[in-house]
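What follows is each chain in one-letter form.
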Amino acid sequence: MSAIPPSSPDRRRTVLVTGAGRRLGREIALALAAGGWQVAVHYRSSRAEAEQTVADCAARSGDSALFEADLADEQATRALLPRVAARFRAVDAVVHSAALFEHDDAASFSYALMERHARSNTGAAILLAQALHDHLARRDAHGGAVVHLLDQKLWNPNPDFLSYTLSKAALEAATPMLALALAPRVRVVGVAPGLTLASHMLDDDKFAQLHKLSPLGRSSTSEDVAATVKFALENSSITGTTLLVDGGQHLMKFERDFSLM
Ligand SMILES: NC(=O)c1ccc[n+]([C@@H]2O[C@H](COP(=O)([O-])OP(=O)(O)OC[C@H]3O[C@@H](n4cnc5c(N)ncnc54)[C@H](OP(=O)(O)O)[C@@H]3O)[C@@H](O)[C@H]2O)c1
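Everything in this summary refers to the structure shown in the same document. Since the structure is predicted, the reported quantities are computational estimates derived from the model, not experimental observations.

1. Things to note about the site of the ligand
Point 1. Surrounding the ligand, one finds 26 residues, the nearest of these being Arg23, Ser45, Ser46, Tyr164 and Lys168.
Point 2. Here Leu24 contributes a backbone N or O atom positioned 3.1 Å from an oxygen atom of the ligand.
Point 3. Within the side chain of Asp70, an N or O atom sits 3.0 Å from a nitrogen atom of the ligand.
Point 4. Taking 890 Å² as the accessible area of the ligand by itself, protein coverage stands at 91%.
Point 5. Of all elements in the fold, only helix H1 (23-34), strand E2 (38-43) and helix H5 (162-182) reach the threshold of two or more residues within the shell around the ligand.

2. A word on the packing of H1 against helix H2 (residues 47-61)
Point 1. The interhelical angle for the contact between H1 and H2, taken along N-to-C directions, is 20°, at an axis separation of 8 Å. Compared by their axis directions, H1 and H2 come out roughly parallel. At the point where H1 passes H2, the crossing takes the right-handed sense. Judged by residue contacts, Arg26, Ala29, Leu30, Ala33 and Ala34 of H1 engage Gln52, Thr53, Asp56, Cys57, Arg60 and Ser61 from H2.

Conventions used here
- Residues numbered from 1 in each chain as written.
- Predicted model: local features only at pLDDT ≥ 70, side-chain atom pairs only at ≥ 80, totals over all residues.
- Heavy atoms only, no water.
- Near = heavy atom within 4 Å.
- Polar contact = N/O pair within 3.5 Å; in protein donor to acceptor, adjacent residues only side chain to side chain.
- Areas by Shrake-Rupley, 256 points an atom, 1.4 Å probe, with all protein chains shown as cover.
- Helix = DSSP H or I, 4+ residues; strand = E, 2+ residues; numbered from the N terminus.
- Axes fitted to C-alpha atoms, helices over the stretch in contact; angles between N-to-C directions.
- Parallel < 35°, antiparallel > 145°, perpendicular 65-115°, else oblique.
- Left-handed = near helix turned anticlockwise from the far one by under 90°.
- Contact = heavy atoms within 4.5 Å.

So, in structure tokens, the structure goes:
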């Protein structure tokens, strides 16, 4: 089959964004749709929110569709990209934003929680990158890109969220390995936000206070992160590295995770 380069004016590029029903994944999906990407919106349990993301993406780029999968389930994860390819015919990129973020530390650490984080945060990113590579290889196409969301705390460690941090550290280590293994068809880039959105463990006042805690006086916004993801997807020479988008928080030293400060 002859290759259609992803940049071809003959067709729109398609990106799968995981965890795109809510929060950062939704902002990334909307920014990519606004830039002309057709967005495959993945969700696990936030169906109503994901349907809204699909409607909002379609209003921006003309086409979008919904895909449910539990990324802790290996078979469901392996099946996801082929389902997207069947719907859109061609897939050009994956953004892995979905993540498990459950607290543990050295005292409460268990194999069970480590494995749950490793599956959804690390393993799923690798399987989706592999699936994109296989999809492009079958079409003899190049120009694929994978972006996975990391975290500034890898450069600024504290004792909290041990299993989450290990899962992201493994993915950061996998970035250059995958970049080499999947070149020249697929580029692989990490994007590491700082504190960007409040969580159930942070009220709005505390979040606003902590968001200022950086050398630049502000950490990342959702718009900053989404714009960086779009840049990483569209710049054809970046691979095997991570872009930190955090107002410089990684240059500081925090004794605890933000949610426990
Ligand atoms: N928010 C921040 O300030 C911040 C800071 C640094 C790094 N990050 C990173 O940026 C990314 C996005 O952050 P976020 O705050 O938007 O994430 P989040 O709200 O914690 O999680 C995003 C989505 O991940 C999905 N998810 C979790 N486990 C899953 C599984 N097993 N299978 C499928 N989907 C699963 C959930 O989808 P459903 O709701 O559909 O179940 C959830 O809505 C994450 O990778 C995070 O580590 C975020």
